Amino acid sequence: MKHLLLTFFLVTCSLVSAQNLYIKTYGNKKDKTIIFIHGGPSGNATLFEGTTAQKLADLGFYVIVYDRRGEGRSKDTTATFTYDEAFRDLNSIYKKYNIKKATLLAHSFGGLVATLYTEKYPQNVSALVLVGALFSQQETYDHILNSLKISHKGDSKTLNKIAYVERLNKNSAGYRKHCFDLASDNDYFKMPNPTKESKKLYANYEKGDFFKTNIRNKNAPLLFYQNEKQNNIDTRSSLKKIKAKGISIFAIYGKDDGIFSTTQINSIKNLVGENHFDLLNNCSHYLFVDQQKSFLSHIKRWIK
């Protein structure tokens, strides 16, 4: 009797957990499942959903898009912003939609979430696709600051900002925020030569309903760094373990994504293998918009 009550409690909690999240599906549930894991903390899936989710479904995939608990459209004042919380919610999505295995399509910070989840629950993942995904946080922060020192040599205002950031605790939300603010202020996330297609995609998104729900929880990073012990990590050892278990890992990055060094890009290429990697020209951090056709082509070829 106790066993039955415990089972009922766990299943109920799983379903309630999923119902508290913003989740939307695209395509036929009989097709291969892809779950998109957005960036953050404080991110959401609106850009991907508003530009790419349906097009990916049109290629023959069952696409699930969701916002993590406490982020974006998944409002929850009790969210703890830990990896374990993210794992529980992912498992509740698997349960809610009766999914046995799925491809995790992981963007930016979502790469850390998806990699750690795959390491813990390899039986649930058929493939892991890193899309401009973080994998060595300190190297990323170091690259941002060091590259700005070079490009702003003689600019005392910017150099003073960098010096201030370098004095901060490297395992703090403030350090992370200032690094990415500097990167954003210097167009590290923007493609250098926008195409007609990318301009149209961004413009349509900004005029549409998804942009209106582009909700950012500014407290999310603070709570994440307060509650999560794994807050400045390198997941390459985890990726090697995942690969050793026979799970396919793919990686696609923008050649003009300013937050990654050439050394980092080469290391992830060597880890996943040349046939499982590509570096897109005239493309920065948001690959699925900057070079959407090429992005979709790669996903179809790798996963289909």
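The rules we used
- Residues numbered from 1 in each chain as written.
- Predicted model: local features only at pLDDT ≥ 70, side-chain atom pairs only at ≥ 80, totals over all residues.
- Heavy atoms only, no water.
- Helix = DSSP H or I, 4+ residues; strand = E, 2+ residues; numbered from the N terminus.
- Rg over C-alpha atoms; globule rule 2.2 N^0.38 Å.
- Buried < 20%, exposed > 50% of the residue type's maximum accessible area, 1.4 Å probe, protein only.
- Contact = heavy atoms within 4.5 Å.
- Areas by Shrake-Rupley, 256 points an atom, 1.4 Å probe, with all protein chains shown as cover.
- Lys, Arg positive; Asp, Glu negative; His and termini not counted.
- Charge placed at Lys NZ, Arg CZ, Asp CG, Glu CD.
- UniProt positions renumbered as here; feature names shortened; annotations may be inferred.
- 1 Å grid on protein atoms, 1.4 Å probe; cavity = no way out; pocket = protein on both sides within 12 Å on 5 of 7 lines; lining within 4 Å.
- Points joined across faces, edges and corners; volume = space filled by probe spheres on them.
- Nonpolar A, V, L, I, M, F, W, Y, C, P; charged D, E, K, R; others polar.
- Pairing = 2+ DSSP bridges.
- Core = buried A, V, L, I, M, F, W, Y, C linked by side-chain atoms within 4.5 Å.
- Arc of directions from axis to C-beta.
- Axes fitted to C-alpha atoms, helices over the stretch in contact; angles between N-to-C directions.
- pLDDT = per-residue confidence, 0-100.

> How should I be thinking about the overall build of the protein chain in this particular structure?
The helix and strand tally for the protein chain stands at 15 helices and seven strands. Taken over the C-alpha trace, the protein chain has a radius of gyration of 19 Å; the compact-globule value for 304 residues is 19 Å, and the two agree within 12%. Summarising its shape, the C-alpha atoms of the protein chain cover approximately 70 × 45 × 40 Å along the three principal directions. For the protein chain, the residues scored as buried account for 53% of the 304 residues in total. The contacts in the protein chain between residues at least 6 apart in sequence include a share of 79% that link residues at least 24 apart. A total accessible area of about 14800 Å² is found for the protein chain, and carbon and sulfur atoms account for 52% of it. Taking the average location of the 44 positive side-chain charges in the protein chain and that of its 27 negative ones, the two points are 5 Å from each other.

> Help me out: how do you make sense of the UniProt feature "domain: AB hydrolase-1" (unreviewed entry) in the protein chain in this one?
UniProt's feature table lists "domain: AB hydrolase-1" (unreviewed entry) at residues 33-290, given in the numbering used throughout. Here residues 33-290 runs as 48% helix and 14% strand, with 24 Å between its end C-alpha atoms.

> Quick question: what am I supposed to make of the layout of surface pockets here?
Any space left empty among the atoms is revealed by the rolling of a water-sized probe across them. The space that makes up the largest pocket amounts to roughly 1200 Å³. Broken down by secondary-structure element, the contributors of at least two residues to the lining of the largest pocket are helix H2 (46-51), helix H8 (173-185), helix H9 (196-207), helix H11 (220-227) and helix H14 (287-290). The dominant element in the lining of the largest pocket, judged by the number of residues it contributes, is H8, at seven residues. Class assignment of the residues belonging to the lining of the largest pocket gives a composition of 19 nonpolar, 14 polar and nine charged.

> Would you mind showing me how to read empty space enclosed by the protein here?
For the structure on display, the rule yields one cavity of 30 Å³ or more. Each pocket or cavity is described by its volume, and for the largest cavity that value is around 100 Å³. Along the walls of the largest cavity sit 13 residues, with Arg-68, Glu-71, Phe-81, Thr-82 and Ala-86 positioned nearest its centre. Examining the composition of the lining of the largest cavity, we find that four residues originate from one element, helix H4 (residues 83-96), more than from any other. Tallied by class, the residues present in the lining of the largest cavity amount to seven nonpolar, one polar and five charged.

> Is there a simple way to explain unusual backbone geometry in this structure?
Leaving glycine out, the prevailing phi sign among residues is negative, and the prevailing peptide bond configuration is trans. A cis geometry characterises the amide bond from Gly-40 onward to Pro-41, with omega recorded as -10°. In this fold, Pro-41 is placed in the loop between strand S2 (32-37) and H2. The phi angle at Ser-108 is positive, at roughly 55°, despite the residue not being glycine. Here Ser-108 lies in the loop between strand S4 (102-107) and helix H5 (110-120). When its relative accessible area of 13% is taken as the criterion, Ser-108 is described as buried. Of note, Asp-187 is a non-glycine position whose phi angle comes to about 60°, a positive value. Here Asp-187 lies in the loop between H8 and H9.

> How should I be thinking about the pairing of S2 in this particular structure?
The two faces of a sheet get side chains in turn, since along a regular strand they alternate between them. Among the six residues that make up S2, five are buried, leaving the element largely enclosed by the rest of the structure. Sheet topology places S2 next to strand S3 (residues 61-66); five bridges connect them, and they run parallel. Across the sheet, the residue bridging to Lys-32 is Phe-61, located in S3. Pairing geometry for S2 and S4, over four bridges, is parallel.

> Would you mind showing me how to read the nonpolar core here?
For soluble globular proteins, the rule of thumb is that nonpolar side chains tend to be buried together. In terms of nonpolar packing, the biggest core is built from 62 residues, with Ile-35, Tyr-83, Tyr-94, Leu-130, Tyr-253 and Ile-259 touching the most fellow members. In contact with Leu-130, not counting residues within four places along its chain, are Ala-106, Gly-111, Thr-115, Leu-239, Ile-249, Phe-250, Ala-251, Ile-252, Tyr-253 and Ile-268. Val-63, Leu-105, Leu-280 and Cys-283 belong to the second-largest nonpolar core, a separate cluster that totals 30 residues.

> Teacher, can you tell me more about helix H12 (residues 236-244) here?
Listing the buried residues of H12 in full gives Arg-236, Ser-238, Leu-239 and Ile-242. In an axial view of H12, the angular spread of the buried residues amounts to 155°, which keeps them on one side of the axis. With respect to the buried face of H12, the exposed residues turned more than 90 degrees away are Lys-240 and Ala-244. Buried positions along H12 lie against H5, strand S5 (125-131), helix H6 (137-151), strand S6 (248-254) and helix H13 (262-272). Positive backbone phi, approximately 90°, marks Gly-246, located one or two places after H12.

> What should I look at first to understand the sheet that holds S3 in this one?
Strand order in the open sheet formed by seven strands is S1-S3-S2-S4-S5-S6-S7, with mixed pairing between adjacent strands. Of all the strands in the sheet, the pair left with one neighbour each is strand S1 (23-26) and strand S7 (277-280). Neighbour-to-neighbour, the strand axes of the sheet open up by a mean angle of 20°, direction not taken into account. Across the sheet, H5 lies against S2, S4 and S5, angled at about 150° from S4, the strand it touches most.

> Please explain the confidence of the model for the protein chain as it appears in this structure.
Parts of the prediction with low pLDDT should not have their coordinates interpreted in detail. Averaged over all residues, the pLDDT of the protein chain equals 94, while 94% of them reach at least 70. Confidence drops under pLDDT 50 across residues 1-16; counting only partners more than four residues distant or on other chains, this segment forms five contacts.

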